[in-house]
Amino acid sequence: MKGITYTQIAQYVILIFAYTVPAAFISIQLTGNPIPQLGLGSEMLATTAGESTYLLDKLDAVLHDLGFAAFTEQKGSTINLFLLTLSLMIGTAGLPHVIIRFFTVPGVKEARSSAGWALVFIAILYTTAPAVGAMAIFNLAKTVQPEITQQAPRQARDSAPESLSYNERPEWFKTWETTGLLEFEDRNGDGKIQYYNDKNPEFSQTASEYGWQGNELVTVDRDIMVLANPEIAQLPNWVIALVAAGGIAAALSTAAGLLLAISSAISHDLLKGTFTPNISEKTELNAGRFAMAGAILVAGYLGINPPGFAAQVVALAFGLAASSIFPALMMGIFSKRINEKAAIAGMLAGLVSTLVYIFIYKGFFFIPDTHLLANTPDNWLLGISPEAFGAVGAFINFTLAFVVARVTPAPSQKIIDIVNKIRTP
Amino acid sequence: MELQSLIYLVVGFTFLVYITIAIVTRASSTGEFYVAGKGIHPVANGMATAADWMSAASFISMAGLIAFIGYDASAYLMGWTGGYVLLALLLAPYLRKHGKFTVPEFIGDRYCSKAARIVAVVCLIVASITYVIGQMKGVGVAFSRFLEIEFEMGVLVGMCIVFIYAVLGG
Amino acid sequence: MALTSKQKQTVYWQANLKLLAFCLSIWFCVSFLFGILLADWLNQFSLAGYKLGFWFAQQGSIYTFVALIFFYAHKMNKLDSRFQADEKQGDTE
């Protein structure tokens, strides 16, 4: 455990450097402030329009001029935003590979402060992320539509703003084209790349006046932004290399940690713990490896055609954990009335309702093209997206558990003693 | 130096660091494997937890979402940090006090039920596999850029490396 | 000190629940209230270049969460040691 912990500390150091160093560079480029958290709220350096503007205001204006909604403005429904946040929060507290870390600290006191320290280190990345995102989209717009980012905000114009010529596209553009995650299609045959929102009816008039016939960056996979960001901003090569190393470290460490959690769940909890308690340690280990191989094949197959961007798929996982595991744990600690039947009924109802809701929109077992309804806000129940449904699933879980607990006998004294024991420091 | 070779060099160097640490600390840790974490300072444990926690979704995907949906991505920022408040206040101290090593074990004990434990395992597996699918997307993006290959090939290469990494790590 | 061990435990648990309610209401305020429900209204104010509601959603809530966990840990550690001191006293009496 100690060995793994030190490796993870090394991973954290590399990961956080890889994330914050390019962010600091870009923040200096744009605002002169090396701290991205402050840079995002600062004024921009040298805007050609003369007067200085705040970065976020400028970004809102640039996006507006390309037909997109403003960066700082809410686009989806409030109920969806609320439930998605709640779902991710209780999912965090229900995901076993996170919880497991708090089993290994020396005592209760350390369990409390350890979570705080974990959040300190997580917050360094999470408070940097808005700056990374905002500056990445600004730099993307600046590269592809240079004139738009230079003009004064919301300035009326009669001729089409100059776009990047495809033949002069930078090196990073070509590299990402080979991955298939960035694609250009010259719709109006002018050899230039127009990037704008062609789904905005209010903007279509302006676009046709410019002679634009559709957004020509047909594919910009959102998941490439962080890795492409330092290249777009023309940072030194060593920074780009550092980001690649950080990305690979992040992807590998969590994937491996999850596979270990799955394998121990199957070999330790399912086989050794319940069905075949007498198996040898070697069989347990092999069963674990077998489970791991199975899990990675399934995940890899579905990962090629994923049901969303990485963060969205992960959000689905959080929804599932939120709806099933978190309520069972919480009621187990804070209620003495919940018994076995209530907990099982709650977990199953939460899991199944959430899973079915997700499958309806994302395809059964995430197999592409098996969904019943298109995954658009109009089809969602009360405007709740599949990613956000975990909070509703958790509510179903809690409610059903309380109802079942009311009509079934109270738990035995033995259970009450266990609860009393875990509540005492 | 050429960008691509510099990337190989830096990625290779970081792997060397992980492997060296793993080998150096392994010798001293076999004996204390089961008193897991004893003597690890909460700050160190917090840092390790943060590394474990920050996956491809946080590192690669989240800022991309913020870039394209702006304010609406706040759900991810608040959700993935606010959850720690719930964890620290409502679960972690009590689960630690109970002193078992897996979540299904705790549920099995608390509800005095093997069935509850099995249901918890099923929930855990469903959530974890979904999580790994999301990770594989991130792994695919990282490897396709790193090796300059198509995304689909990147996922395949990533699958093999993750498997080897997990088997060695276990 | 006529409290039995069981009563002391109840007192301790009630104190814990009260502290939890306090912390969780702050948790709710900075994220759901300031960051989502009141964000539009708060956006009329600004903090440097940040609109206030946007700042709470993407920065402020996270800083508060960190502080909140340490605050709770600090308070609980104090509560724990008081409870344990009481317990010991109870044993010797």
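- Named according to an unreviewed UniProt entry, chain C is DUF4212 domain-containing protein originating from Catenovulum sediminis.

**Here we look at the side chain of S74 of chain B**
Then, number 1: Along the chain, the position of S74 of chain B falls in helix α4 (residues 74–98).
Then, number 2: Here S74 of chain B falls in the buried class, since its relative accessible area comes to 1%.
Then, number 3: Setting aside chain neighbours within four positions, we find S74 of chain B in contact with G79 of chain B together with A57 and Q58 of chain C.

**Looking at the interface of chain A and chain B**
Size of an interface, as often reported, equals the accessible area lost when the parts are brought together.
Then, number 1: Tallying the contact residues gives 168 residues for chain A and 134 residues for chain B.
Then, number 2: Carbon and sulfur atoms supply 78% of the area that chain A and chain B bury against each other, a total of about 14500 Å² over both sides.
Then, number 3: The largest share of the area that chain A buries against chain B comes from F103, Y126 and L252 of chain A, three residues that together contribute 6% of it.
Then, number 4: On the surface where chain A and chain B come into contact, there are two salt bridges.
Then, number 5: The partner of D223 of chain A in a salt bridge is K137 of chain B, with the nearest N and O atoms 2.8 Å apart.
Then, number 6: The tally of links between chain A and chain B comes to 15 residue pairs in polar contact (both at pLDDT 80 or more).

**Examining unusual backbone geometry**
The phi torsion of most residues other than glycine is negative, and most of the peptide bonds are trans.
Then, number 1: With a phi angle near 60°, Q234 of chain A is a residue other than glycine that sits in the positive phi range.
Then, number 2: The backbone phi angle of A48 of chain C is positive, close to 50°, even though this residue is not glycine.
Then, number 3: In this fold, A48 of chain C is placed in the loop between β1 (46–47) and β2 (50–51).

**Some thoughts on the domain arrangement of chain A**
Residues and elements named next belong to chain A.
Then, number 1: Assigned domains within chain A: domain 1 (2–86 + 107–235), domain 2 (239–304) and domain 3 (309–425).
Then, number 2: Just the C-alpha atoms count here: the centres of domain 1 and domain 3 sit 35 Å apart.
Then, number 3: The interface is formed by nine residues belonging to domain 1 together with twelve residues belonging to domain 3.
Then, number 4: At the junction of domain 1 with domain 3, the criterion picks out zero salt bridges.
Then, number 5: Taken together, the connections running from domain 1 to domain 3 amount to one residue pair in polar contact (both at pLDDT 80 or more).
Then, number 6: Here the side of domain 1 that touches domain 3 is built from residues that sort into four nonpolar, two polar and three charged.

Cut-offs used in this document
Residues numbered from 1 in each chain as written. Chains lettered and ligands numbered in written order. Predicted model: local features only at pLDDT ≥ 70, side-chain atom pairs only at ≥ 80, totals over all residues. Heavy atoms only, no water. Helix = DSSP H or I, 4+ residues; strand = E, 2+ residues; numbered from the N terminus. Buried < 20%, exposed > 50% of the residue type's maximum accessible area, 1.4 Å probe, protein only. Contact = heavy atoms within 4.5 Å. Buried area = accessible area lost by both parts, 1.4 Å probe. Salt bridge = Lys/Arg side-chain N within 4 Å of Asp/Glu carboxyl O. Polar contact = N/O pair within 3.5 Å; in protein donor to acceptor, adjacent residues only side chain to side chain. Domains from an automatic or database assignment. Nonpolar A, V, L, I, M, F, W, Y, C, P; charged D, E, K, R; others polar.

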